[in-house]
Structures are given as structure tokens and as C-alpha cells.
Amino acid sequence: MIPTILPTYNRAPLAFVRGEGSWLTAEDGRRFLDFGAGIAVNALGHAHPALVAALAEQAGRLWHVSNLYRIPEQQRLADLLVQASFADTVFFTNSGTEAAELAIKMARRYWFAQGAPRAEILTFDGAFHGRSTGAIAAAGSEKMVKGFGPLMPGFRTLPWGDMTALEAAIGAQTCAVMIEPIQGEGGIRPLAEADLRRLRALCDESGALLILDEVQCGMGRTGRLFAHEWAGITPDIMMVAKGIGGGFPLGAVLATERAGAAMTQGSHGSTYGGNPLACAVGARVMEIITAPGFLDEVGRKAGHLRQKLEGLVAAHPAIFEAVRGQGLMLGLKCRRPPADLVRAGHEEGILTVPAADETLRLLPPLTVTGNEIDEAVARLDRAAAALAAAPAPSSV
């Protein structure tokens, strides 16, 4: 029988009917601790009362008008983002992939407007910037590009974290450098703060724009609103999505006035981007995350989770190798295929997300409690023990 849904995902045999906070309830009534948060999307957990209220209130007033008209909710969210960040201007999209496409266009358009076009954008192996043809060309991995050529030209992929290679590659023809401060799909690999500062300096020296992809590591996940803040730098262009909508599809490109100046009327557009529903929810997410003390609490919970995970690694050296990441964006480097850990976790009622480089991602809601962290690690402990007792090779 031909599947009515295109089979591009290897889906787990689970379906959920209700969510509340850090918990999901499956069709059969089983409850799962959600330490994947929809791949870092449900930043405030499931069915957060303030987000439900914001969505319901807006849904009762107005859903969609298009960007042919002023959208007050969009203006409100843009103002909140500008006030809390480096940015002077914002364009709203529906996803991180769409944000990546605009970031690429914006950087190249900037140099076109200067009268000295540059096209080459430097990227890094292990990167993930979305699944459009432009975004997969930027990442360059065989898994994503095979069979989809010809690819958009103008990208050059460098070894992750290799500042020597970057210094050799960046120059007078470099349009921009595009990088995730912490790689998500690539295996929770943070770029050292000193390297981020060096990267900013190299861009300044060469004139290249710095594009940061904070789709997964932004919106409070590291204990700061944006991950680059830990290094004390600012980008020229930044992509955000996932957590910005708290579960409602929403993305954005933030930029300085200089970087965005060439994106004039008619140079880009989106029918749905920045619609009233998405922006009403996004504004409420911003208000909650930037409220006094919220990010301090994220940092405290992150420290608690990391400490518990270090103990887990020590207890199961045949299963786990190390903990890495920052804030509530942590990874367990595994000695077994992460997919095995994900499935073992399902049996214990915990949801996690696999990543490259043999890494298991832990991306709980920022609202997770200390007791839920303890319970999650206990369930992971049981999953690791069960896996160790049944060391059959993975079928994946």
C-alpha cells in the first residue's frame, strides 16, 4: 500500500494526544517525559497557559491578512526582539529554513549594493541550516545533498572549529561566514568562546559579514537569550526559529541596519511570515523568557542537569563517553548508536533526540523542574542499564 504521507522520516511507533509542561501522553495512556521538546521548539513546554491564552485570544480576532498591510502583532514582536538584541531590523518567516534562505540572500545583496559583489560564504562541516536547496548547499554533507544537484554555488565548507583553516580561507572575496555557535544536528558541538571572538575579528578585518544560526541554540536555551552573548560578540545577521514560537511555526532574521539596508521593497517576501497568530504567541514567549530571573533559573537548572548527567556517564562507561553542550542544550556522547538509546528510553518513558557524532541530544523545556530532571536521569539510567544487559547490535 502506498503511504499517504511521504516516507521521509523514520518515525517511532508513538503518537501523542496530550501534552502538559514537560510531559506527553500517548494514545495508549502512557506518559513520557519530553526531553526533546519537539527538537528544541517547545521552549516553554506543552500547553503553557500564557501561550494558549495568547493564541486563543488572537484566533478569536484575526488570523491572516498578509504582509500587504501593517500587522500590529508583528511590530510588537519585532520591537521586543530589537530591544533585547543587537538587531536594528527583523524579517519574520515560518521556519528556520526560510530564515537561512533570507540570511544568504541578505549577505549577497549587501555586497551587490556595495558595487563590489562577493558571493562566497564560508560554512563548517557538521552544520545544519535547513533542507532547502540553498541550505543543503551551505551545509554540504553528502547525506543531505546526494541526488539533489545541481546545488547552489558559492559555498565553501571548512573543518569545524579549525581557526587556522578559517584564517587561510577568509579574504577579500568572502561574502560572509555562516556558523552555529553550538551545532545541534551536528552533535551538540559548541564553538569555543575565544574562537567566536576570533571569528568576529576575522570578519571585521576582511569585511565579511558574520551570520549566526541560532535556530536551535537561541531563545534562552543556553541561559542567555542568544548563545553568542556568552562570547561578548554580536553578529551582522542572525537566524532564529524553533523556540521563538513556543511550538507555533515562526522564524525570523535579525540584522543590523547596515547588513539589512540593501533589502529594499520587493527584494524579499512571505505570504504567511509574521502572521498575527504566530506573532501574538512569539511576543508572549519573548515576554516570559526575558522576564527578570527567568534565564538565571535556566542556568541553575542547566547546572543541575549537567551534574546529574556527569554521574550517569560515570555509572555507565560502556554506554556513555562524555557530556557536552551548554545550558539546557546538552548532549551525551555515546559508545553505542544513539538510536539504541532513544528506543531504550521509550521503554522507560523518556523522549530524547539523536544527533550526528554518536550523540544523544537532551533538549528539555526551559520550564523543566528540578524533580523532572531527577526523574529524567533516573529513566536514562534504567535505559542504559537495559541496553548494557542486551548488547545486540543496532538494526538501524
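Structure: above.
Residues numbered from 1 in each chain as written. Predicted model: local features only at pLDDT ≥ 70, side-chain atom pairs only at ≥ 80, totals over all residues. Heavy atoms only, no water.

## As for the pairing of strand E14 (residues 329–334)
Note on strand geometry: in a regular strand, side chains alternate between the two faces of the sheet.
And step 1. Where burial is concerned, most of E14 is hidden: 6 out of the 6 residues are buried.
And step 2. Across the two faces of E14 the burial is the same, with Met329, Gly331 and Lys333 and Leu330, Leu332 and Cys334 all buried.
And step 3. Relative to E14, strand E13 (residues 320–326) is paired through 6 bridges, and the arrangement is antiparallel. Residue pairing in the sheet places Phe320 in a bridge with Cys334 of E14.
And step 4. The loop that links E13 with its antiparallel partner E14 comprises 2 residues; one of these, Gly327, has a positive phi angle of about 60°.
And step 5. Note: E14 against strand E17 (residues 359–362), 4 bridges, orientation antiparallel. Across the sheet, Leu330 pairs through a bridge with Leu362, a residue of E17. (Buried < 20%, exposed > 50% of the residue type's maximum accessible area, 1.4 Å probe, protein only. Helix = DSSP H or I, 4+ residues; strand = E, 2+ residues; numbered from the N terminus. Pairing = 2+ DSSP bridges.)

## Concerning helix H4 (residues 96–113)
For an α-helix, 3.6 residues make a turn, and residues three or four places apart therefore share a direction.
And step 1. For H4, spanning 18 residues, the distance from its first C-alpha to its last is 25 Å, which sits close to the expected 26 Å at 1.5 Å a residue.
And step 2. Listed as buried for H4 are Gly96, Ala99, Ala100, Leu102, Ala103, Ile104, Met106, Ala107, Arg108, Tyr110 and Trp111.
And step 3. Measuring from the backbone nitrogen of Thr97 back to the side-chain oxygen at the start of H4 gives 3.5 Å, which picks out Ser95 as the cap.
And step 4. At the exit of H4 stands Gly115, carrying a positive phi of roughly 80°. (Expected span 1.5 Å × (residues − 1). Polar contact = N/O pair within 3.5 Å; in protein donor to acceptor, adjacent residues only side chain to side chain.)

## Considerations on the sheet that holds strand E15 (residues 350–351)
And step 1. On the basis of which strands lie adjacent, the open sheet formed by 4 strands has the order E1-E2-E3-E15 and mixed pairing. The open sheet is flanked by strand E1 (16–20) and E15, the only strands paired with a single partner.
And step 2. This element, helix H13 (residues 370–389), spans strand E2 (23–26), strand E3 (31–34) and E15 of the sheet and lies at about 105° to E3. (Contact = heavy atoms within 4.5 Å. Axes fitted to C-alpha atoms, helices over the stretch in contact; angles between N-to-C directions.)

## Regarding the side chain of Lys301
And step 1. Its place among the elements puts Lys301 in helix H11 (residues 294–315).
And step 2. We note that Lys301 is buried and unpaired, the nearest opposite charge coming from Glu297 at a distance of 4.8 Å.
And step 3. Within the structure, Lys301 has its side chain in polar contact with the backbone oxygen of Leu366 (distance 2.8 Å).
And step 4. Ignoring sequence-local partners within four residues, the contact set of Lys301 consists of Leu328, Leu366, Thr367, Val368 and Ile373. (Lys, Arg positive; Asp, Glu negative; His and termini not counted. Salt bridge = Lys/Arg side-chain N within 4 Å of Asp/Glu carboxyl O.)

## Observations regarding the packing of helix H2 (residues 49–59) against helix H10 (residues 276–289)
And step 1. Running from N to C, H2 and H10 point in directions that differ by 150°, and their axes come no closer than 9 Å. With respect to each other, H2 and H10 are oriented roughly antiparallel. Along this stretch, H2 crosses H10, giving a crossing that reads as right-handed. Contacts between H2 and H10 involve Ala50, Leu51, Ala54, Leu55, Gln58 and Ala59 from the former and Pro276, Leu277, Ala280, Val281, Arg284, Val285 and Ile288 from the latter.
And step 2. For the contact of H2 with H10, the per-class residue count stands at 11 nonpolar, 1 polar and 1 charged. (Parallel < 35°, antiparallel > 145°, perpendicular 65-115°, else oblique. Left-handed = near helix turned anticlockwise from the far one by under 90°. Nonpolar A, V, L, I, M, F, W, Y, C, P; charged D, E, K, R; others polar.)

## Digging into the pairing of strand E11 (residues 237–240)
And step 1. Residues Ile237 and Met239 of E11 are buried on one face, and the alternating residues Met238 and Val240, pointing to the opposite face, are buried as well.
And step 2. With 3 bridges connecting them, strand E10 (residues 209–213) and E11 associate as parallel partners. Looking across to E11, one finds that Ile211 is bridged to Ile237.
And step 3. With 4 bridges joining them, E11 and strand E12 (residues 251–255) adopt antiparallel strand pairing. Each residue of the ladder has a partner; that of Met239, found in E12, is Val253.

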